[in-house]
Amino acid sequence: METTTKKHLNLMESSVIREGERLAGLTLSIPIKSEHTASTEALILVFCEGLRAGAGKLSREQFLDAESMLGAHIGVSGDSKFIHITLQSLDTTLTKSLTLLELMLVSPTFAEKEIKRIKELLTNALTLSKEDAKARAYEGFVNTHTKPTDSRYVFPIDELSRTIQKVTAKSLKSFHKILWNSEWIYTSGGSAPSTKKIASCIKKLRGDNVSKVKVSPVSVPFIEREKGSLQLLDIPHKQNIEFSIGNTLPLTRTDTDYPAFIFGMSVLALYGGFSGRLMSTVREKEGLTYSIYGQAEKITKTEQGFWRIATFFAPKDAVKGITATLREIKLIREKGITENELTRFKAIMNTRSSLVNDSLIKKVREVQGLRENDISDAEYKEFKAKLQKMTVTEVQTALRKYLNLETIVISGAGPIQSVKKELEAFKV
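Residues numbered from 1 in each chain as written. Predicted model: local features only at pLDDT ≥ 70, side-chain atom pairs only at ≥ 80, totals over all residues. Heavy atoms only, no water.

Asker: Before we go on, may I ask you to explain the overall build of the protein in this structure?
Answerer: Scanning the protein for helices and strands turns up 16 helices and 11 strands. Its C-alpha radius of gyration of 23 Å places the protein within 12% of the 22 Å reference for a compact globule of 428 residues. Here the C-alpha coordinates of the protein stretch approximately 60 × 50 × 40 Å along the principal axes. Burial analysis of the protein (428 residues in total) assigns 51% to the buried set. Within the protein, residue pairs in contact and separated by at least 24 positions form 80% of the contacts whose partners lie at least 6 positions apart. Accessible surface, the protein as shown: approximately 20700 Å² in total, 54% of it carbon and sulfur. (Helix = DSSP H or I, 4+ residues; strand = E, 2+ residues; numbered from the N terminus. Rg over C-alpha atoms; globule rule 2.2 N^0.38 Å. Buried < 20%, exposed > 50% of the residue type's maximum accessible area, 1.4 Å probe, protein only. Contact = heavy atoms within 4.5 Å. Areas by Shrake-Rupley, 256 points an atom, 1.4 Å probe, with all protein chains shown as cover.)

Written out as structure tokens, the structure reads:
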């Protein structure tokens with residue numbers, strides 16, 4: 001596959017070309033320039049549903065029928081930084097699929113009856129999300145470190161439910177106008193003719209729209225803590241207690257120690273499979289959980305992030321499981337990794353990178369993620385080269401320096417009542 005990138009005044013475009021490819025894909029991300037507030041978060045939730053709920057002369061049902069008839073899929077999602085729009089289509093229906101996408105982007109209806117339906121849908125979804133123990137454990141973890149003005153802060157579910165009711169067609173149309181005049185970032189994938197069609201569509205949509213407001217990334221300081229923290233949320237109807245365990249990570253992607261720390265975290269808790277130490281010990285040898293993974297996350301060129309372990313334990317195994325997890329974290333921090341692990345994980349990472357290159361959709365997703373973080377292909381290639389040149393000493397130095405256990409946060413959500421006293425007595 002061949003990847004190319006071009007930067008225009010108001011548009012960053014990348015293409016992943018594989019000759020003979022029948023599938024065509026597009027991922028478009030539009031930066032959100034509004035302040036991080038519950039109102040903005042609620043607006044994003046309604047907007048993402050509303051964008052597909054009718055456009056031009058098509059009702060929501062007609063729009064979805066047209067999409068289904070083409071065998072295409074148009075998706076809209078959002079986070080605190082971007083609105084993400086995706087399209088997947090066969091090359092034979094790509095032209096008509098792009099026409100439908102254009103209609104959605106240019107002329108969303110935001111009909112009152114649809115806004116009412118969306119508000120009810122989202123309110124019900126948010127109510128159900130109160131039982132999502134994994135998400136609630138993450139919420140307790142990240143909110144221990146962040147302030148509401150931080151884009152990573154998770155607003156309370158009840159606050160979002162109330163704020164959603166205040167979203168209007170006027171506010172949605174105003175938000176749409178702001179996005180329309182923002183700079184866009186997109187990656188297309190497919191054969192050369194397919195990517196050319198996508199590029200022509202996006203350039204036509206952009207026209208001469210130029211963002212008049214340039215907003216530099218704002219890095220909000222983490223909440224400073226002098227000791228560890230235990231956050232517990234009771235969700236009685238669950239079988240297991242979900243945990244997020246970790247701390248802040250004072251590194252950006254441009255820091256020298258970043259590749260070494262990423263390598264060390266991979267040895268400790270690589271996502272997927274059974275390669276990481278935590279999976280081979282806490283799961284395989286001790287049988288305390290079925291899944292335990294971790295990574296460094298929410299890190300950009302300008303923002304520091306977190307290192308976090310995600311797992312779950314049955315209530316009877318909760319204290320034993322946390323103890324085992326912390327034992328392994330302390331061990332890798334103090335002793336580092338072995339030469340065997342160094343060699344083995346270099347091979348694992350190289351294989352994973354090769355597998356991404358075998359999948360058009362995964363490659364498009366990877367390239368788009370890099371562009372969103374302003375990372376060039378050359379920079380990413382250099383990062384992967386550093387991983388392959390990594391030494392045991394470099395990894396150990398990074399882990400000792402940044403794997404902070406003194407102020408570690410343990411956030412649990414689930415049926416905690418039967419072991420609440422034991423957990424609260426746990427020395428964090």
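Asker: I tried to follow the sheet that holds strand S5 (residues 82–90) on my own but got confused; where do I start?
Answerer: To summarise the sheet geometry, strands pair through backbone hydrogen bonds and adopt either a parallel or an antiparallel arrangement. Taken in spatial order, the 6 strands make up an open sheet running S1-S2-S6-S3-S5-S4, and their pairing is mixed. The open sheet has two free edges, formed respectively by strand S1 (2–7) and strand S4 (73–78), since each of these has just one partner strand. Across the sheet, the mean angle separating the axes of adjacent strands is 10° when strand polarity is ignored. As defined by bridge partners, S4 adjoins S5 across 6 bridges and the pair is classed as antiparallel. Its bridge partner being in S5, Ile 74 is matched across the sheet by Leu 87. Strands in contact with helix H1 (residues 38–50) are S4 and S5; relative to S4, the strand with the most contacts, it is inclined by about 175°. (Pairing = 2+ DSSP bridges. Axes fitted to C-alpha atoms, helices over the stretch in contact; angles between N-to-C directions.)

Asker: Would you mind showing me how to read the packing of aromatic side chains here?
Answerer: Here the distance between the centres and the angle between the planes together describe a pair of aromatic rings. On inspection of all chains with the given rule, the structure shows 11 aromatic pairs. Pairing Tyr 153 with Phe 155 gives two aromatic rings, centres 5.2 Å apart and planes at 75°, and the pair type is edge-to-face. Here Trp 180 and Trp 184 contribute two aromatic rings whose centre-to-centre distance is 5.2 Å and whose plane-to-plane angle is 80°, an arrangement assigned as edge-to-face. Of the two residues, Trp 180 and Trp 184, neither departs from the other in class, the shared state being buried. In textbook terms, an aromatic cluster arises when at least three aromatic residues are bridged by ring pairs, as seen for Phe 47, Phe 110 and Phe 175. Taking the ring centre of Trp 184 as reference, the NZ or CZ of Arg 206 above it sits at 4.2 Å. (Phe/Tyr/Trp six-rings, centres within 6.5 Å; stacked < 30°, edge-to-face > 60°. Lys NZ or Arg CZ within 6 Å of the ring centre and 35° of its normal.)

Asker: Would you mind showing me how to read the pairing of S1 here?
Answerer: Looking along a regular strand, one sees side chains alternate from face to face of the sheet. By the bridge criterion, 6 bridges tie S1 to strand S2 (residues 11–17) in an arrangement that is antiparallel. The residue of S2 that forms the bridge with Thr 3 is Val 16. Hairpin remark: S1 followed by S2, antiparallel, with 3 residues in the connecting loop.

Asker: In this structure, what is going on with the sheet that holds strand S7 (residues 229–234)? I would like to understand it.
Answerer: Overall, mixed pairing links the 5 strands, which are arranged S7-S11-S8-S10-S9 in an open sheet. If you trace the sheet from one side to the other, it starts and ends with S7 and strand S9 (292–297), each paired once. Averaged over all pairs of adjacent strands, the angle between their axes in this sheet comes to 15°, without regard to strand direction. Pairing analysis gives 6 bridges linking S7 to strand S11 (residues 409–414), with the strands arranged parallel. Its bridge partner being in S11, Ser 229 is matched across the sheet by Val 409. Docked against the sheet, helix H10 (residues 277–285) engages S9 and strand S10 (305–313), running at close to 150° with respect to S9.

Asker: What is the right way to read the pattern of salt bridges from this model?
Answerer: Working definition: two side chains of opposite charge can pair if their charged atoms are close together. Applying the stated criterion across every chain yields a total of 24 salt bridges. Here Lys 130 ties to Asp 158 by a salt bridge, and the two come within 2.7 Å at their closest N and O atoms. Placement of the pair is Lys 130 in the loop between helix H4 (112–129) and helix H5 (133–145) and Asp 158 in helix H6 (residues 157–164), with a sequence separation of 28 residues. Its relative accessible area of 31% is what places Lys 130 among the partly exposed residues. Measuring nitrogen to oxygen at the nearest pair gives 2.9 Å for the salt bridge that ties Glu 341 to Arg 277. (Salt bridge = Lys/Arg side-chain N within 4 Å of Asp/Glu carboxyl O.)

Asker: What is the right way to read unusual backbone geometry from this model?
Answerer: Note: most peptide bonds trans; most residues except glycine with negative phi. At Phe 110, a residue that is not glycine, the phi angle is positive and equals roughly 50°. Relative to the elements of secondary structure, Phe 110 occurs in the loop between helix H3 (94–106) and H4. A relative accessible area of 4% places Phe 110 in the buried class. The backbone of Asp 374 shows a phi angle near 60°, a positive value even though the residue is not glycine. Mapped onto the secondary structure, Asp 374 falls in the loop between helix H13 (360–372) and helix H14 (377–388).

Asker: Could you clarify how one ought to interpret the nonpolar core in this entry?
Answerer: The nonpolar side chains of soluble globular proteins are, as a tendency, buried together. Residues Phe 261, Phe 263, Trp 307 and Ile 309 are the most contacted members of the largest nonpolar core, which totals 53 residues. If you look at the next biggest cluster of nonpolar residues, it comprises 52 residues, including Ile 30, Leu 43, Ile 74 and Ile 157. (Core = buried A, V, L, I, M, F, W, Y, C linked by side-chain atoms within 4.5 Å.)

Asker: Can you help me understand the packing of helix H9 (residues 258–269) against helix H11 (residues 318–335) in this one?
Answerer: Running from N to C, H9 and H11 cross one another at 140°; their axes reach a closest spacing of 11 Å. One finds that H9 runs oblique with respect to H11. Note that H9 runs across H11; the crossing there is right-handed. Facing H9, whose interface residues are Gly 264, Val 267 and Leu 268, H11 presents Glu 328, Ile 329 and Ile 332. A breakdown of the residues in the contact of H9 with H11 according to their chemical character gives 4 nonpolar, 1 polar and 1 charged. (Parallel < 35°, antiparallel > 145°, perpendicular 65-115°, else oblique. Left-handed = near helix turned anticlockwise from the far one by under 90°. Nonpolar A, V, L, I, M, F, W, Y, C, P; charged D, E, K, R; others polar.)

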